[in-house]
Amino acid sequence: MGQYTLFGALGSPYTLKMRAVLRYKRLPFILKHAIRGMQNPTHGSAEIAHVKPLVIPVLKDTEGRFHVDSTPMIGWLDVKHPQRAVSPADPVQRFLDLLLEDFADEWVTKLVFRYRWATQRDQQFCADFLVFDNGTKGRTNIERVAESFSERQIARMDFVGCADENAPVLESSFLELIDALNSIVIDQPFVFGQRPGRGDFALYGQLMELATDPTPSEIFRENAPFAWRWLSHMDDAGAVESPVDDAGSATRLHAGTVRLLALCGSLYLPFLRGNAEALSAGQETFETQWLGKVFKQAPFKYQLKCLRLLAAEYQDLNGNEQAQVKLYLGESAAQILAR
């Protein structure tokens, strides 16, 4: 077996996600730092300059081909190396796991961005370590580049839905997420039982950043200490030995898992619907509500792609399987997927 190369950055939740997947699958690989917008030829940036779209992480396979986007990467790796598959075999559980992955990738990343760039304390800490990771040397150089990088990220806060007006929704969803996860990992190793799935790795990637940054790390440790520690277990699950035939069942889910899925159904899917409707109507912004709190953002085409993928997967389920999904997500969420 040849060696894979993962181009990314430790400050990228998707890089951590894919590194953990490669470790779990026991595949030989190396990680090369490559931060978009901060080119450094001594790292991996120059090697992936030709990749389109150039978003990290980028995976170079054993035959020299380059792959982007962590969700299809996992699917491709499961086909290539099925002996330690990440996607569950049970159709309902597989769909719910895919939804949880998408929720982590597209919603929990907002929590990372919000906490990372909302306060001066976090701005300085995070900008400094991101620039340091890129190989910039010398205190003066680090601070100079970090200041410019921080300004660029802060300027994007409103655009990506992380403005102050959205703080109540973002912060409340963070607390609900980590409390539910905390209750799960006290009783079982992974969200759906004895084997990690897409959702575990996606949540790990985002939450590991939150567990590292100053303000969210304090909130995390105080409110969900076992989930905070669980991240260290997820960092390298290569030692996990799960029965090959342990497909799991979507009919016997932990109460905390049910809470996570309810969060997807009540918060994330309505957000995706609002985004899709805004794009269709040509709106510059859209609003959704969760627990009486308003969330406002500019629409994104990629998140329309996410909704279409989830809807297609849902519609591939048979009637009984869709009925099980409805039990966890709610009727209104199921209607969003059925469109």
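Residues numbered from 1 in each chain as written. Predicted model: local features only at pLDDT ≥ 70, side-chain atom pairs only at ≥ 80, totals over all residues. Heavy atoms only, no water.

Caption draft 1: Spatial organisation of the overall build of the protein chain. Within the protein chain, the regular secondary structure consists of 13 helices and six strands. Against the globule reference of 20 Å for 339 residues, the protein chain gives a C-alpha radius of gyration of 20 Å, in line with a compact fold. For the protein chain, the spread of C-alpha atoms along the principal axes amounts to about 60 × 50 × 40 Å. Burial status across the protein chain gives 55% buried among its 339 residues. Within the protein chain, residue pairs in contact and separated by at least 24 positions form 72% of the contacts whose partners lie at least 6 positions apart. Per element, the accessible surface of the protein chain, about 14900 Å² overall, is 52% carbon and sulfur. Averaging the locations of the 36 positively and 41 negatively charged side chains of the protein chain gives two centres separated by 4 Å. (Helix = DSSP H or I, 4+ residues; strand = E, 2+ residues; numbered from the N terminus. Rg over C-alpha atoms; globule rule 2.2 N^0.38 Å. Buried < 20%, exposed > 50% of the residue type's maximum accessible area, 1.4 Å probe, protein only. Contact = heavy atoms within 4.5 Å. Areas by Shrake-Rupley, 256 points an atom, 1.4 Å probe, with all protein chains shown as cover. Lys, Arg positive; Asp, Glu negative; His and termini not counted. Charge placed at Lys NZ, Arg CZ, Asp CG, Glu CD.)

Caption draft 2: Local environment of the nonpolar core. One finds L96, W107, L207 and L329 to be the most contacted residues of the largest nonpolar core, which totals 81 residues. Sort the elements by how many residues they give to this core and helix α3 (residues 91-117) lands first, with 13 residues. Apart from residues no more than four positions distant in its own chain, L329 is found in contact with F95, L96, L99, L261, G265, L269 and L337. Among the nonpolar cores identified, the runner-up in size contains 13 residues, and V131, F149, M157 and V160 belong to it. (Core = buried A, V, L, I, M, F, W, Y, C linked by side-chain atoms within 4.5 Å.)

Caption draft 3: Structural view of the sheet that holds strand β4 (residues 66-68). Strands sit in the order β2-β1-β3-β4 across an open sheet of four strands; the sheet is mixed. Each of the sheet's edge strands pairs with one partner strand only, and the pair in question is β2 (29-33) and β4. Across the sheet, the mean angle from the axis of one strand to that of its neighbour is 25°, orientation sign disregarded. Bridge analysis of strand β3 (residues 58-60) against β4 gives three bridges, and the strand direction is antiparallel. Note on β4: the bridge partner recorded for K60 is F66. Against the sheet, helix α2 (residues 70-80) contacts β1 (4-8), β3 and β4, and its axis sits at roughly 130° relative to β4. (Pairing = 2+ DSSP bridges. Axes fitted to C-alpha atoms, helices over the stretch in contact; angles between N-to-C directions.)

Caption draft 4: Broad picture of the packing of aromatic side chains. One pass over the structure, following the stated rule, counts 15 aromatic pairs. Measuring from centroid to centroid gives 5.7 Å for Y24 and F201, while their planes differ by 50°, and the two rings are tilted. In this pair, Y24 sits in helix α1 (residues 13-24) while F201 sits in helix α7 (residues 198-212), placing the two residues 177 residues apart along the sequence. With respect to class, Y24 is no different from F201; both count as buried. Considering the side-chain rings of F95 and Y314, the 5.9 Å spacing of their centres and the 55° angle between planes classify their relative orientation as tilted. In this pair, F95 is assigned in helix α3 and Y314 in helix α11 (residues 301-315), connecting sequence segments 219 residues apart. An aromatic cluster is built from F103, W107, Y268, F271, F286 and F295, whose rings are joined through pairwise contacts. A cation over a ring is seen here: R84 above Y24, with NZ or CZ 4.3 Å from the ring centre. (Phe/Tyr/Trp six-rings, centres within 6.5 Å; stacked < 30°, edge-to-face > 60°. Lys NZ or Arg CZ within 6 Å of the ring centre and 35° of its normal.)

Caption draft 5: Just the pattern of salt bridges, in detail. Overall, the coordinates contain 18 salt bridges when judged by the stated rule. Salt-bridge contacts for R19 lead to D235; the nearest nitrogen and oxygen are separated by 3.0 Å. Of the two residues, R19 sits in helix α1 while D235 sits in helix α9 (residues 225-235), which places them 216 residues apart along the sequence. Accessibility classification places R19 together with D235 in one group, the buried group. A salt bridge links D213 to R116, with the shortest nitrogen-to-oxygen separation between them at 2.9 Å. Of this pair, D213 sits in the loop between α7 and α8 (214-223) while R116 is found in helix α3, placing the two residues 97 residues apart along the sequence. Across this residue pair, the class does not change: D213 and R116 are buried. Linked by salt bridges that have partners in common, K17, E101, D105 and R198 make up one network. (Salt bridge = Lys/Arg side-chain N within 4 Å of Asp/Glu carboxyl O.)

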